[in-house]
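Observations on the model geometry
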Amino acid sequence: MIRIEDIAAHPDFRALSSLQHGIAVDLRYATADNFVGHAVYAGIDCAWLRREAAEALEAAAAWLHARRPGYRLLVLDALRPQRVQQRLWDELQGTPLTMYLAHPERGSIHSFGMAVDLTLLDPAGREVDMGSGFDEMTLASHPDHEAEHLALGALTPQHLVERGWLRAAMREAGFHAIATEWWHFDFGDRLAVRRDLPRVL
């Protein structure tokens, strides 16, 4: 286990501010702009990833820049300490929203610094319309429901194009998408991450 307060001195982690290729950062859990409606980081510096995930994120940003000049990645969440994951779980326990959270005993991949939430910025610096917002915990956010939502008119072809660009950049760099959140990507195998890497408290 590693304490979040010790991350800055830990060689296996990199600050998001050190990343190249114009990656922007707006950690929504440090603000009230998230699905629980209040800041949960409470002054904790969570703008970090494990070094291997950070380097892969740089590669994703470079891939995107080379193929779609002017578009950039915007990081919305990165390292989420175990204490915050526990707090979120306790707050949401008994509600349907827990389906979007890893149980604290198992641990979120965010708590290992190996997951990142993000979207795209257009050349004018505006967030791209993905058809649903970050932390919009509805089926419209689920990649595994996109075909149905396109058929029903809840998502447009352009929404799927934009999600496709984000997914392509991240997958090219070795990240894995999940079925329930278009913005979430893991780096590395979840079982191996939980087995082999230290969790951040």
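Here, every reference points to the structure presented above.
All of the points below concern the structure found in this document. None of these values were measured; they are calculated from a predicted model. (Residues numbered from 1 in each chain as written. Predicted model: local features only at pLDDT ≥ 70, side-chain atom pairs only at ≥ 80, totals over all residues. Heavy atoms only, no water.)

Bringing the sheet that holds strand β2 (residues 24–25) into the picture now. What the five strands build is an open sheet, ordered β2-β4-β5-β7-β6; its pairing is mixed. The sheet is open, and its two edges are formed by β2 and β6 (175–177), each paired on a single side. In terms of strand pairing, β2 meets strand β4 (residues 72–77) through two bridges, oriented parallel. Bridge pairing links V25 to V75 in β4. (Pairing = 2+ DSSP bridges. Helix = DSSP H or I, 4+ residues; strand = E, 2+ residues; numbered from the N terminus.)

For strand β5 (residues 115–121), the tally of buried residues reaches seven of seven residues, placing the bulk of the element in the interior. Bridge count for β4 against β5 is five bridges, and the pairing is antiparallel. Within β5, the residue paired with L73 across the bridge is L120. (Buried < 20%, exposed > 50% of the residue type's maximum accessible area, 1.4 Å probe, protein only.)

Take the packing of aromatic side chains next. Evaluation of the coordinates by the stated rule reveals seven aromatic pairs. Seen from their ring centres, Y29 and F134 are 6.2 Å apart, and the 80 degrees between their planes marks the pair as edge-to-face. Remark: F134 occurs in the loop between β5 and α3 (146–152) and Y29 occurs in the loop between β2 and β3 (48–50); sequence separation between them is 105 residues. For the pair shown, Y29 and F134 are each scored as buried. (Phe/Tyr/Trp six-rings, centres within 6.5 Å; stacked < 30°, edge-to-face > 60°.)

Turning our attention to helix α2 (residues 82–92). Within α2 the residues assigned to the buried category are Q82, V84, Q85, L88, W89 and L92. Along the axis of α2, the buried positions cluster into a sector of 160 degrees, meaning they face one direction only. Looking at the residues trailing α2, positive phi occurs at G94, about 90 degrees. (Arc of directions from axis to C-beta.)

Once that is clear, we can look at the packing of helix α1 (residues 51–67) against helix α4 (residues 157–172). Orientation of α1 relative to α4, taken along the N-to-C sense of each, is 130 degrees, at an axis distance of 8 Å. As judged from the angle between their axes, α1 and α4 are oblique. The handedness of the crossing between α1 and α4 is right-handed. Touching L57, A60, W63, L64 and R67 of α1 are W165, A168, A169, M170 and E172, all from α4. The class makeup of the residues in the contact of α1 with α4 is eight nonpolar, no polar and two charged. (Axes fitted to C-alpha atoms, helices over the stretch in contact; angles between N-to-C directions. Parallel < 35°, antiparallel > 145°, perpendicular 65-115°, else oblique. Left-handed = near helix turned anticlockwise from the far one by under 90°. Contact = heavy atoms within 4.5 Å. Nonpolar A, V, L, I, M, F, W, Y, C, P; charged D, E, K, R; others polar.)

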